[in-house]
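The chain contents come next:
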Amino acid sequence: MSEKKLMIVAVIAYIMLVFVCWDDSIATSPDGRQILTFWHTYNDQEELVLRDIIKKWEGANPKFTVRPVRIPFDGHKAKLRTALTVGQGPDMARVDWSFVCELARKNSVVDLETLGFENIRRQYLEAPLETAYIDGKYYGIPDQSTCVAMFYNRQMFKDAGLLPEDPNAPVVPQTWEEFIEVGKKLTDKSKDQYAFAMTNTLWWNLPFFNSYGARIVSEDGKKCVIDSDDAVKALEMMASLVSEHKIEAGAWRPGAISPEQGFVNGKYAMVFMGPWNLAKFANAKMDFGVGLIPGGTKGTSTNVGGTDVVIFKGTKYAAECYDFLTFFTSAENQKDWCSKLNQLPINLGAYDLVSFEDPHLMMFMEQMKHAGPNPVVKDYSLLEDLVNPEVEAVLSGQKTAREALGAAQKKVQERLIDF
Amino acid sequence: MNSTQAIDHHNKHSVKAQRIVLFVFLIAVMISMSYVISGQLFKFGVMAFSAFVTPEGPDAVTEAGKLMQSMTVVYNGLAVVLTIVLTIFVVKKFLALGQEHRMPFIKRMVLYLALTIGVVVVLFPFFWMLCTAFKPSGQELVISKTNPFDIVPSEPTLDNFRRVLKVDAASKSMAAVDAIEQKKNFGTYFLNSLLVATTAAFLVTFFAAMGAYVFSKKQLPYKQQIFMLLLATMMIPGMMFMVPQFFMVCKMGLFGTKWAMFLPHLASVFGIFMLKQFMDTIPDSLIEAAQIDGASEWQVFTVVIVPLALPIILTLFLLTFLFHWSNFLWQLIVTNFENPLSITLPVGLALFRGQYTSELGLIMSASCFSIVPIAVLFLFAQRYFIEGMTQGAVKE
């Protein structure tokens with residue numbers, strides 16, 4: 001068959017395809033109930049549980065129905081920004097914690113205190129809740145929360161003779177000083193084996209800062225305080241892991257083996273990691289454990305990740321949305337959610353109801369109680385872009401911690417807070 | 001025997017010895033490469049086979065692993081046999097040649113070995129993609145301790161493919177929830193993207209060809225200035241247009257339709273520029289000849305210009321297709337996620353990525369399907385690519 005014929009066949013096939021398949025409409029049967037749209041970023045398993053909870057809520061509210069719509073987490077910010085611009089936004093949405101501040105400052109989400117949030121806000125964990133606390137008001141409810149803790153490779157500890165005899169004793173050192181001592185025993189450069197590996201982004205570095213009690217942004221959000229003495233101490237300690245004690249693998253350098261990959265392959269003995277990788281590491285058939293992050297001057301601490309749910313000003317049914325979201329995050333439903341999906345509860349009431357068989361998850365629940373505050377700014381990714389290069393300059397020995405953090409403070413203050 | 005003859009003789013011998021050493025060295029390289037490459041390929045075949053024959057179940061992974069283990073001999077044996085056959089073939093061919101043909105033969109061997117290395121380097125990412133698609137969750141990052149280059153999984157699974165195509169148990173229970181959920185599968189996304197990308201590519205090449213013809217061959221007041229103005233718009237980053245374009249698309253009532261996916265990109269300045277540069281090389285005398293024979297304007301365009309510019313038109317078609325096949329951000333913005341018929345492939349693939357974890361296996365198995373149209377198009381249009389380049393080079 002000549003190429004010309006082939007082309008003609010392709011064109012005809014395409015035209016037929018268009019006639020048969022070009023269909024944009026999909027049949028949805030309205031049943032008289034008012035639809036509340038809820039944009040979320042859950043996965044299949046989570047969505048099934050969400051639908052169960054929705055069904056329960058609809059039983060009590062027969063006039064309304066909640067329609068869950070999944071959007072990709074990558075790009076959920078862009079999608080929401082553009083949709084809100086033309087008024088195509090949903091009634092409520094689940095957004096990354098760092099996005100709530102932007103939405104609140106742009107005046108697109110409802111202040112929850114007008115809906116009576118004051119009465120129930122004490123039931124939520126403080127650190128996740130604080131991510132939705134902007135300019136003195138609460139604009140979102142945490143719906144899912146994570147933090148990082150210290151994962152350790154049991155086999156490597158055993159090989160180095162560092163496993164305690166008592167199986168209940170903590171394996172990971174309790175303070176950074178002990179951590180450095182243990183780290184030296186675990187590091188063996190001839191075997192390309194290191195005690196610790198870290199990524200250099202601000203969120204992943206927060207456990208260091210928080211364990212020294214150093215804030216990035218002051219509590220009222222008006223001043224960047226990253227150049228405080230505590231922060232300098234924390235960063236100096238971090239840098240000493242790399243330069244002085246040489247127990248960190250340099251995983252923060254571009255092109256290096258990532259902490260996750262190095263940990264799975266037995267190159268790094270300890271890494272910061274979140275509960276999302278527990279199942280994955282178990283599948284990889286490795287012998288690992290989870291411990292609390294070593295403490296600085298303020299004891300063990302960690303960062304907060306996760307998402308908040310918000311209600312948009314465009315909705316006519318803010319009260320119903322609020323009712324649904326508080327129902328969704330109530331202690332009882334959180335218990336279902338967390339025990340079915342192996343996730344950490346955000347409702348303090350659920351803490352007493354949930355108990356996991358997995359000791360690692362229990363360790364995360366413990367670590368979560370010590371979580372420090374995250375910096376709440378209107379453009380979190382810009383904050384990362386401003387701070388990360390300065391920290392990298394310290395890690396690679398080009399600047400002292402005080403110089404770098406002073407420069408970072410100035411940049412953040414000028415470009416992010418006063419701007 | 002005088003001294004020059006002796007030196008000649010000596011030289012001949014040393015040249016011969018050099019040749020033999022070189023040949024043996026090349027054979028050694030060839031044997032090791034052939035064994036490693038064919039070993040991996042056969043292992044991949046065995047792996048895919050054992051993944052296919054093991055039924056879905058909780059122990060499927062270990063069972064498939066056992067099956068693979070039992071067939072170790074098969075793939076290693078096949079690799080050895082292939083290598084031996086290849087070696088015998090090459091050595092026989094070498095020995096059958098006369099002395100004067102042996103050096104060129106060695107040179108050809110070097111060339112082929114270098115080309116083989118090139119092919120391996122180019123195809124390795126695709127091979128990695130195929131292998132990762134078969135790895136169970138959690139195993140994607142594990143590197144084999146005995147041989148770090150052995151990337152074929154030892155315990156394969158088809159779960160990733162099942163989940164992508166939504167034929168596994170979890171997705172079935174999800175589909176039972178809702179009629180709309182049923183349509184949210186890879187097949188729908190694939191078809192949507194195919195329709196969007198092909199239609200866009202057809203229309204863009206059509207409009208760009210007509211525009212380029214005018215700018216290249218027709219008289220138009222302020223033609224040069226208008227063209228410069230058009231080119232100047234290329235300097236504005238596309239991001240700037242996104243919100244206004246989205247606003248317009250919504251006002252037209254096209255939000256969440258397939259038209260919205262490509263309508264703002266139909267006027268392609270880049271396409272006009274590319275085609276115009278090519279059409280400038282087509283001599284005016286051809287057009288005049290056609291006009292003398294009584295061709296209308298439309299006939300000049302379709303009978304003279306388009307066939308001559310076909311290589312470059314096909315190139316533009318391919319580039320536009322690629323652009324719309326992978327245009328994530330714009331399609332994300334205009335997608336109506338309540339309607340699966342408006343979700344395209346790049347956006348659908350993003351649904352697999354979570355906040356912290358990326359399901360590498362899922363992404364890779366989905367990618368296996370999504371590169372198929374691109375690969376087919378490239379194979380088909382490859383010849384025109386080269387033709388387009390050489391034609392441009394020798395025109396008057």
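Residues numbered from 1 in each chain as written. Chains lettered and ligands numbered in written order. Predicted model: local features only at pLDDT ≥ 70, side-chain atom pairs only at ≥ 80, totals over all residues. Heavy atoms only, no water.

## Some remarks on the overall build of chain A
Counted only if it meets this: What counts as a helix is a DSSP run of H or I of at least four residues, what counts as a strand is a run of E of at least two, and both are numbered from the N terminus. Three exposure classes are used, based on accessible area relative to the maximum for each residue type with a 1.4 Å probe and protein chains only: buried under 20%, partly exposed in between, and exposed over 50%. Contacts: residue pairs with any heavy atoms within 4.5 Å of one another. Computed by Shrake-Rupley with a 1.4 Å probe, the accessible areas treat only the displayed protein chains as cover when residues are assessed. By the counting rule applied here, Lys and Arg register as positive and Asp and Glu as negative, while His and the ends of each chain are not counted. Note on charges: their place is set at NZ of Lys, CZ of Arg, CG of Asp or CD of Glu.
What chain A contains, in helices and strands, is 17 helices and 11 strands. Residues counted as buried form 55% of the 419 residues belonging to chain A. Put simply, of all contacts in chain A between residues at least 6 apart along the chain, 75% involve residues at least 24 apart. Of the roughly 18100 Å² of accessible surface on chain A, 51% is carried by carbon and sulfur atoms. Within chain A, the 55 negative side-chain charges are centred at a point lying 4 Å from the centre of the 45 positive side-chain charges.

## Observations regarding the overall build of chain B
We count it as follows: For this measure, only C-alpha atoms enter the radius of gyration; the expected value for a globule follows 2.2 Å times N^0.38, where N is the number of residues.
Per the secondary structure count, chain B includes 19 helices and 0 strands. In terms of C-alpha radius of gyration, chain B reaches 29 Å, well past the compact-globule figure of 21 Å for 396 residues. Overall, chain B is about 90 × 70 × 35 Å in size when its C-alpha atoms are taken along their principal axes. Residues counted as buried form 43% of the 396 residues belonging to chain B. Within chain B, contacts between residues separated by at least 24 positions form 77% of all contacts whose residues are at least 6 apart in sequence. Surface exposure of chain B reaches about 21100 Å², of which carbon and sulfur atoms provide 71%. Where the 27 positive side-chain charges of chain B centre and where its 21 negative ones centre are 7 Å apart.

## Description of the side chain of B:Thr198
Quick reminder of the rule: Think of a polar contact as two N or O atoms within 3.5 Å of one another; within protein, one of them needs to be a possible hydrogen donor and the other a possible acceptor, and neighboring residues in sequence only count if both atoms come from side chains.
One can find B:Thr198 in helix H8 (residues 186–217). By relative accessible area, B:Thr198 is classed as buried at 13%. Among the polar contacts listed, one links the side chain of B:Thr198 to the backbone oxygen of B:Leu194, at a separation of 2.3 Å. What B:Thr198 contacts, discounting residues up to four positions off in sequence, is A:Tyr14, B:Phe317 and B:Phe321.

## Digging into the pattern of salt bridges
Cut-off, in case you're wondering: Note on definitions: salt bridges are taken to be side-chain nitrogens of Lys or Arg within 4 Å of carboxyl oxygens of Asp or Glu.
Applying the stated criterion to the full structure yields 23 salt bridges over all chains. Residues A:Arg67 and B:Glu338 are paired through a salt bridge, measuring 2.7 Å at the closest nitrogen-oxygen approach. Here A:Arg67 is found in strand S2 (residues 64–70), whereas its partner B:Glu338 is found in the loop between helix H16 (328–334) and helix H17 (345–350) on a different chain. The exposure class of A:Arg67 is partly exposed, given its relative accessible area of 27%. Where salt bridges share partners, they join A:Glu47, A:Arg51 and A:Arg70 into one cluster.

## Describing the packing of helix H8 (residues 202–211) of chain A against helix H16 (residues 380–395) of chain A
All names here are of chain A. For clarity, the threshold we go by: All axes here are fitted lines through C-alpha atoms, helices being fitted over the stretch that makes contact, and every angle between N-to-C directions spans 0 to 180 degrees. Small angles under 35 degrees read as roughly parallel and large ones over 145 as roughly antiparallel, with 65 to 115 read as roughly perpendicular and the rest as oblique. The nonpolar class holds Ala, Val, Leu, Ile, Met, Phe, Trp, Tyr, Cys and Pro. Asp, Glu, Lys and Arg form the charged class, and all remaining residues, Gly among them, are polar.
Interhelical geometry of H8 versus H16 gives an angle of 65° and a closest axis separation of 10 Å. Between H8 and H16, the crossing angle belongs to the class labelled roughly perpendicular. For the pair H8 and H16, the contacting residues are Leu-202, Trp-203 and Asn-205 in the first and Tyr-380, Leu-383, Glu-384, Val-387, Asn-388 and Val-391 in the second. In the contact of H8 with H16, the residues fall into 6 nonpolar, 2 polar and 1 charged.

## Remarks on the pairing of strand S7 (residues 149–153) of chain A
Residue and element names in this part refer to chain A. Defined as follows: One requirement defines pairing of two strands: DSSP has to find at least two bridges between them.
Taking burial as the measure, the 5 residues of S7 include 5 buried ones, the bulk of the element. Pairing of S7 with strand S9 (residues 268–273) involves 4 bridges; the strand directions are antiparallel. Residue Tyr-152 lies in a different strand from S9, and its bridge partner there is Met-270. The sheet contact formed by S7 and strand S10 (residues 288–291) spans 4 bridges and is antiparallel.

## Thoughts on the state of the cysteines
Residue and element names in this part refer to chain A. Under the convention used in this document: Any cysteine sulfur atom paired with another within 2.5 Å is treated as part of a disulfide.
Under the defined criterion, the tally for this structure stands at 0 disulfides over all chains. In this structure Cys-147 is a free cysteine whose sulfur lies 13 Å from that of Cys-338, the closest cysteine sulfur available. Take Cys-147: its relative accessible area is 0%, and that puts it in the buried class.

## Focus: the pairing of S2(A)
For clarity, the cut-off: Look down the strands so they point away from you; if going from the first strand over the helix to the second traces a clockwise path, that crossover is right-handed.
With 6 of its 7 residues buried, S2(A) lies for the most part within the structure. Tracing the backbone out of strand S1 (residues 34–40) of chain A, into helix H2 (residues 44–60) of chain A and back to the parallel element S2(A) gives a crossover that is right-handed.

## A word on the sheet that holds strand S3 (residues 92–96) of chain A
Residues and elements named next belong to chain A. Pairing in this open sheet of 5 strands is mixed, and the strands run S2-S1-S3-S11-S6 from one edge to the other. Either end of the sheet is taken by a strand with one partner, and the two such strands are S2 and strand S6 (141–146). Neighbour-to-neighbour, the strand axes of the sheet open up by a mean angle of 20°, direction not taken into account. As paired strands, S3 and strand S11 (residues 305–311) are joined by 5 bridges and run antiparallel to one another. What sits directly across from Arg-94, in S11, is Val-309. Its contacts with the sheet put H2 on S1, S2 and S6, and the angle it makes with S2 is roughly 170°.

## Some points on the domain arrangement of chain A
Residues and elements named next belong to chain A. The test is simple: Bear in mind that the domain bounds are from an automatic or database domain assignment. Once two parts are put together, the accessible area they lose, assessed with a 1.4 Å probe and summed over both, is termed the buried area.
As assigned here, chain A comprises domain 1 (34–146 + 305–369) and domain 2 (149–303 + 377–417). Each of domain 1 and domain 2 was reduced to a C-alpha centroid, and the two centroids are 29 Å apart. Listed by partner, the interface residues are 16 residues for domain 1 and 22 residues for domain 2. If you sort the residues of domain 1 by the area they bury against domain 2, His-360, Phe-364 and Gln-367 come out on top, with a joint share of 40%. Across the domain 1-domain 2 interface, the total number found is 1 salt bridge. A salt bridge links Glu-130 to Arg-215, with the nearest nitrogen and oxygen atoms 3.7 Å apart. Across the contact surface, domain 1 and domain 2 share 2 residue pairs in polar contact (both at pLDDT 80 or more). Looking at the side of domain 1 that touches domain 2, the elements that each hand over two or more residues are helix H4 (100–105) and helix H15 (359–369).

## Quick notes on the interface of chain B and chain A
Listed by partner, the interface residues are 59 residues for chain B and 50 residues for chain A. Summed over both sides, the interface between chain B and chain A buries roughly 4800 Å², with carbon and sulfur atoms accounting for 64% of that surface. Our count for the chain B to chain A interface comes out at 2 salt bridges. Where chain B packs against chain A, one counts 8 residue pairs in polar contact (both at pLDDT 80 or more). Of all the elements, H8(B) adds the most residues to the side of chain B that touches chain A, at 6 residues. Broken down by class, the residue content of the side of chain B that touches chain A amounts to 33 nonpolar, 14 polar and 12 charged.

## Things to note about the environment of B:Phe270
All names here are of chain B. Examined against the element boundaries, Phe-270 turns out to sit in helix H12 (residues 269–279). Residue classification places Phe-270 among the partly exposed residues on the basis of a relative accessible area of 39%. Residues Phe-270 and Leu-231 lie 39 residues apart in sequence; the distance between their C-alpha atoms is 7.9 Å. Beyond its immediate chain neighbours, meaning those up to four positions away, Phe-270 contacts Met-234 and Leu-319.

## Regarding unusual backbone geometry
In terms of backbone geometry, most residues other than glycine have negative phi values and most peptide bonds are trans. Residues and elements named next belong to chain A. Of note in this structure, Asp-135 is not a glycine but carries a positive phi near 50°. Looking at the element boundaries, Asp-135 is found in the loop between strand S4 (133–134) and strand S5 (137–138). By relative accessible area, Asp-135 is classed as exposed at 51%. Positioned with a positive phi, Asn-342 is a non-glycine residue whose angle comes to about 55°. As for its position among the elements, Asn-342 is in the loop between helix H13 (331–341) and helix H14 (348–353).

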